[in-house]
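Chain by chain, the residues run as shown.
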Amino acid sequence: MGIFDRFKRKKKIQEEKPASLEAQTDKLDDGLISIDEFEEWEQDQLSYKFEQGLKKSRDKFQQDINALMSRYRTVDEDFFEALEEVLISADVGFNTVMELTEELRKEAQLKNITETSELRETIVEKMVEIYERNGDASDEMTINEDGLTVVLMVGVNGVGKTTSIGKLAHKYTQEGKKVMLAAGDTFRAGAINQLQVWGDRVGVDVIKQAEGSDPAAVMYDAVNAAKKRGADILFCDTAGRLQNKGNLMNELSKIKKVIQKVVPEAPHEVLLVLDATTGQNALSQAKAFKEVTDVSGIILSKLDGTAKGGIVLAIKNELGIPVKFVGLGEQLDDLQPFDAENYVYGLFADMIQESDTLEEKLEEDKDDK
Amino acid sequence: MAFEGLGERLQSTMDRIKGKGKVTESDVKLMMREVRLALLEADVNFKVVKQFVNDVKERALGSDVMTSLTPGQQVIKIVQEELTSLMGGENQKINLSQKPPTVIMMVGLQGAGKTTTAGKLALHLRKKHNKRPLLVAGDIYRPAAIDQLETVGKQIDVPVFSLGDQVKPEEIATKALEHAKEEHLDTVIIDTAGRLHIDEALMNELKNVKDIADPDEIMLVVDSMTGQDAVNVAESFNELLNITGVTLTKLDGDTRGGAALSIRSVTQKPIKFIGVSEKMDGLEAFHPERMASRILGMGDVLSIIEKAQDNVNEDEQKALEKKLKDSSFTLDDFLSQMDQVKTMGPLDDLLKMMPGANKIKGLDKMQFSGKEIDHVQAIIRSMTLDEREHPEKLNASRKKRIAKGSGRSLQEINRLLKQFNDMKKMMKQMTSGKKKGKNPFGGMGLPF
Ligand SMILES: Nc1nc2c(ncn2[C@@H]2O[C@H](COP(=O)(O)OP(=O)(O)OP(=O)(O)O)[C@@H](O)[C@H]2O)c(=O)[nH]1
Ligand SMILES: Nc1nc2c(ncn2[C@@H]2O[C@H](COP(=O)(O)OP(=O)(O)O)[C@@H](O)[C@H]2O)c(=O)[nH]1
Ligand SMILES: [Mg+2]
Ligand SMILES: [Mg+2]
């Protein structure tokens, strides 16, 4: 039913997908597929890399949850405690895990579910629901179609702000936009040059001043220059800062104000970059950055590792901030739009498959008798 | 900090027990649930938590927790002791080779803080160990990584060896060692590119560099905000490279830092340093017992005191510590503290490290600029010595006099008195119970 069925359908489509990209292109060249099929194909292309990136973390998660199901056959306190642990090991926020297991407990009681296998579908459903529950903030980038769009990039140290700007600049340049970059990290050694390298790679202008200069002044210059040169999108890099540092956080609001002096409705988008490896502290980061800069979206970086970044479920649930992109590597094209369904589906895909084969097996067993 | 500490967590269980006047085995079980949750919230890996809680529970059941009048404190004492010993008990120093050069290799995930820590270590070794370090630019992948290290080198006046980004790290390491020999530099610190522990090609590259450079110290640098994945990262790097030490970075943030425990449990390797600032002097020795109280959400009082110590003469410091302990801290002490604070750097950073500091309303909004301190000092200076010791004597007319004398408003005076009061309350809280136990942390910051 519902979400679970949608997952299954997706899985089917996926299975029908030819193995190699060339094969798919051949299929396209035949001219035999319908528009619908084409769109489906296009969608699969998009989610392909994303799925690949998630696969590793997914595998681990699957193992855990399958092990869980086989170890605990009956729904009791031990089972819920173990389930909590599985979710916590994916860095899903602590309160969210509690919320989820609490609801599952109720559901189990209500429907008189005693076998863990019967609870499996509900777990998936609830996780998607928790992500989608709090507000319907758009997971698309806000682009000002007639005029300059200013995007401010914020986050703690080393999460991937500058790299993500490089990737975004590449994406929008490819889509035909005129992109410019502002080197607002005047603090960290070599940060300006790092952004310049990305600018060169993508072939866009970088507005910069000397290391150590006032970042607000850089932004002021950059927004003016972007306006004058008729840029479509300006990506503003900022220095990493820990969210508990009052003075550095104030600097951010100053930067925002300065940008607004030139373009009153800017920044059109404030993207908080979170490292998927980060644990519970990401929630504190999201809270603090939201307070000073009114964060409109999250980029979840480094999902190509084994970390799962499950904390984004908690962040969406508690603060209503949606994830807009995920980072899957260090190259220009290692950025993908975030899709909640794909994400949760990705986490649970193998588990669903497992349950299918299990059901089939059970059917067979029955037939044998 | 965002989450409750173990002290607060145990409070409700304690309230329940109080009514009964007797501790049962199931009470202990309930307390263990709180211990478990506190550690999970601190990002300690769940498997590590499980093992840990089992150990603690056994100890708790076999000890005097159940007959104690303060079972909550007993549990905390046990938890803290176990945590401390798990994390190595004592601080461990960096490996230095008897015959030069000492080779140190920095490894870790992307963005962990390797380059920054390399610089910090170079400065530390030169200052505290009289070494002549060489920084080696071994990150040929990340844009401007070499540039970053060169800037760092300039900042601390340490030479940087680089062959650009077209030469393999293995060769860079070889040449760097030769260079160090020629230049009589006795410590070689090799920066490497950040990499995922599952990236086989790049992990092999590290292994090759290790084989060539034969480092005395392979320092795994880990971001203290790391969540459950810390065990996978630490395990992989350790398995391949047999690391010799760990540095935890960004502990100037508000993370509990449970990763410390996770890393230690899976590698058994000592955490040697912590990074506490973006600046080059932001490197400190790792102290297991302090980390233990931080993970448990009980603040890091000793670090605050140590930070102060760097700037304050020792006798004064002893006196201050005593005053903090018996809460005889007066406005006059506050006044002389301010002078020292002025030389110490941002006070709000310091205050935020204190347990319970997050509960003082408005502290986060308070700005401790030099000017503010001047104003506060002016106010206190306009008080008589007796008033400084007994601020409760300050009635309306006395306050008016002080306002005139200091040129500050009545509101400012009231605000200062209120804040001072809050601060004293907090200090009382964080040091209460201290006289009772032998354990320096017994009952610290606990409301019971
Ligand atoms: N606040 C704070 N920031 C730190 C600390 N250590 C490092 N940083 C910051 O974290 C960010 C990443 O540090 P780097 O030293 O560049 O990390 P790295 O591991 O060399 O990164 P890559 O080479 O990109 O993999 C920078 O912005 C540093 O300034 C610390 O202890 N505290
Ligand atoms: N594996 C991986 N590494 C990333 C990703 N995004 C950024 N990085 C790396 O993380 C490190 C820090 O990134 P940087 O953009 O400098 O972070 P900033 O300090 O927030 O600007 C660099 O080494 C990047 O190459 C990602 O999605 N995956
Ligand atoms: Mg940057
Ligand atoms: Mg580096």
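Residues numbered from 1 in each chain as written. Chains lettered and ligands numbered in written order. Predicted model: local features only at pLDDT ≥ 70, side-chain atom pairs only at ≥ 80, totals over all residues. Heavy atoms only, no water.

### Regarding the overall build of chain A
Worth spelling out the cut-off: A run of H or I in DSSP counts as a helix once it spans at least four residues, and a run of E counts as a strand once it spans at least two, with each numbered from the N terminus. Relative accessibility under 20% of the residue-type maximum defines a buried residue, over 50% an exposed one, and the middle range a partly exposed one, all with a 1.4 Å probe and only protein chains included. Note on contacts: a residue pair qualifies if any of its non-hydrogen atoms lie within 4.5 Å across the two residues. Each accessible area is a Shrake-Rupley estimate made with a 1.4 Å probe; only the visible protein chains count as cover when residues are assessed.
Secondary structure summary: chain A contains 13 helices and eight strands in total. Of all 369 residues assigned to chain A, the portion counted as buried reaches 58%. Within chain A, counting contacts between residues at least 6 apart in sequence, those at least 24 apart form 78% of the total. When the accessible surface of chain A is totalled, it reaches about 15,600 Å², and 47% of it is carbon and sulfur.

### As for the overall build of chain B
In terms of regular secondary structure, chain B is built from 19 helices and eight strands. Expressed as a percentage of the 448 residues in chain B, the buried residues total 56%. Across chain B, every contact between residues at least 6 apart in sequence was considered, and the portion connecting residues at least 24 apart equals 74%. As displayed, chain B has an accessible area near 19,900 Å², and 50% of this comes from carbon and sulfur atoms.

### Overview of the site of ligand 2
Quick reminder of the rule: Being near a molecule or strand, for a residue, means having at least one of its heavy atoms within 4 Å of it. Residues adjacent in sequence count toward polar contacts only when both atoms are side-chain atoms; beyond that, a polar contact is any pair of N or O atoms within 3.5 Å, and within protein one must be able to donate a hydrogen and the other to accept it. Each residue is assigned to one of three groups, with Ala, Val, Leu, Ile, Met, Phe, Trp, Tyr, Cys and Pro labelled nonpolar, Asp, Glu, Lys and Arg labelled charged, and all others, Gly among them, labelled polar.
Close to ligand 2 lie 20 residues, the nearest being Lys161(A), Thr162(A), Thr163(A), Asp304(A) and Glu330(A). Each of chains A and B places residues near ligand 2. Side-chain polar atom of Thr162(A) to an oxygen atom of ligand 2: 2.7 Å apart, as the coordinates give it. Interatomic distance of 2.5 Å between a side-chain N/O atom of Glu330(A) and an oxygen atom of ligand 2. Against a free-state accessible area of 580 Å², the protein chains account for coverage of 95% of ligand 2. At four residues, helix α7 (residues 161-174) of chain A tops the list of elements feeding residues into the shell around ligand 2. Taken together, the residues of the shell around ligand 2 sort by class into three nonpolar, ten polar and seven charged.

### Considering the sheet that holds strand β2 (residues 179-184) of chain A
All names here are of chain A. Rules: By the convention used here, strands pair only if DSSP detects at least 2 bridges between them. In this analysis, axes come from line fits to C-alpha atoms, helices being fitted only over the stretch in contact, and the angle between any two N-to-C directions falls in the range 0 to 180 degrees.
Taken in spatial order, the eight strands make up an open sheet running β3-β2-β4-β1-β5-β6-β7-β8, and their pairing is mixed. Either end of the sheet is taken by a strand with one partner, and the two such strands are β3 (205-207) and β8 (335-337). For this sheet, the mean angle separating the axes of adjacent strands, direction not counted, is 25°. Alignment of β2 against strand β4 (residues 233-238), held across six bridges, turns out to be parallel. Bridging across to β4, Ala183 finds its partner in Asp237. Across the sheet, α7 touches β1 (149-154), β2, β4, β5 (269-275), β6 (297-301), β7 (323-327) and β8, and the angle it forms with β4 is around 170°. Sitting on the sheet, helix α10 (residues 246-262) is in contact with β1 and β4, with an inclination near 175° to β1.

### Description of the packing of helix α4 (residues 71-86) of chain B against helix α11 (residues 288-295) of chain B
Residues and elements named next belong to chain B. Quick reminder of the rule: Here roughly perpendicular refers to angles of 65 to 115 degrees, roughly parallel to angles under 35, roughly antiparallel to angles over 145, and oblique to all remaining angles. Throughout, a crossing is termed right-handed when the near helix is turned clockwise from the far one, and left-handed when it is turned anticlockwise from it by less than a right angle.
The geometry of α4 relative to α11 is characterised by a closest axis approach of 8 Å and an angle of 130° between their N-to-C directions. Taken together, the axes of α4 and α11 lie oblique to each other. The interaxial crossing formed by α4 with α11 has right-handed handedness. Taken together, the residues of α11 that come into contact with α4 (itself represented by Gln80, Leu83 and Thr84) are Pro288, Glu289, Ala292, Ser293 and Ile295. Among the residues forming the contact of α4 with α11, the class breakdown is four nonpolar, three polar and one charged.

### Topic: unusual backbone geometry
In the segment running from Ala266(A) into Pro267(A), the intervening peptide bond is cis, with an omega of -10°. Its place among the elements puts Pro267(A) in the loop between α10 and β5. In this model, Pro100(B) is joined to Pro101(B) through a cis peptide bond whose omega is 0°. Locating Pro101(B) in the fold gives a position in the loop between α4 and β1 (102-107). Phi is positive for Asp91(A), close to 60°, though the residue is something other than glycine. Structurally, Asp91(A) is set in the loop between α4 (77-89) and α5 (94-110). Overall, Asp91(A) belongs to the buried group, its relative accessible area being 2%. The backbone of Ala144(B) sits at a positive phi, close to 65°, despite the residue not being glycine.

### Considerations on the site of ligand 1
Inspection of the region around ligand 1 gives 24 residues, with Gly113(B), Lys114(B), Thr115(B), Thr116(B) and Asp252(B) positioned closest. Near ligand 1, residues from chains A and B are present, making the site a shared one. Note that an oxygen atom of ligand 1 is positioned 2.6 Å from one of the side-chain N or O atoms of Thr115(B). A distance of 3.0 Å separates an oxygen atom of ligand 1 from a polar atom in the side chain of Arg142(B). Summarising the interface, the protein chains cover 95% of the accessible area of ligand 1, which totals 650 Å² for the free molecule. Considering every element that reaches the shell around ligand 1, the biggest residue donor is helix α5 (residues 114-129) of chain B, with four residues.

### A short note on the domain arrangement of chain A
Residues and elements named next belong to chain A. So the rule is basically this: As used throughout, domain bounds are those supplied by an automatic or database domain assignment. Put simply, buried area is the surface a 1.4 Å probe can reach on two separate parts but cannot reach once they are joined, added for both. The working definition used for a salt bridge is a side-chain nitrogen of Lys or Arg within 4 Å of a carboxyl oxygen of Asp or Glu.
Assigned domains of chain A: these are domain 1 (2-133 + 343-368) and domain 2 (149-338). Tallying the contact residues gives 24 residues for domain 1 and 29 residues for domain 2. For the pair domain 1 and domain 2, the summed buried area comes to about 2,200 Å², and 58% of that belongs to carbon and sulfur atoms. For the interface between domain 1 and domain 2, the tally reads zero salt bridges. The interface formed by domain 1 and domain 2 contains five residue pairs in polar contact (both at pLDDT 80 or more). At the level of elements, α3 (35-71), α5 and α6 (116-133) are the ones that each hand at least two residues to the side of domain 1 that touches domain 2. Ranked by the residues each element gives to the side of domain 1 that touches domain 2, the list is headed by α3, at nine residues. Of the residues belonging to the side of domain 1 that touches domain 2, the class tally is eleven nonpolar, six polar and seven charged.

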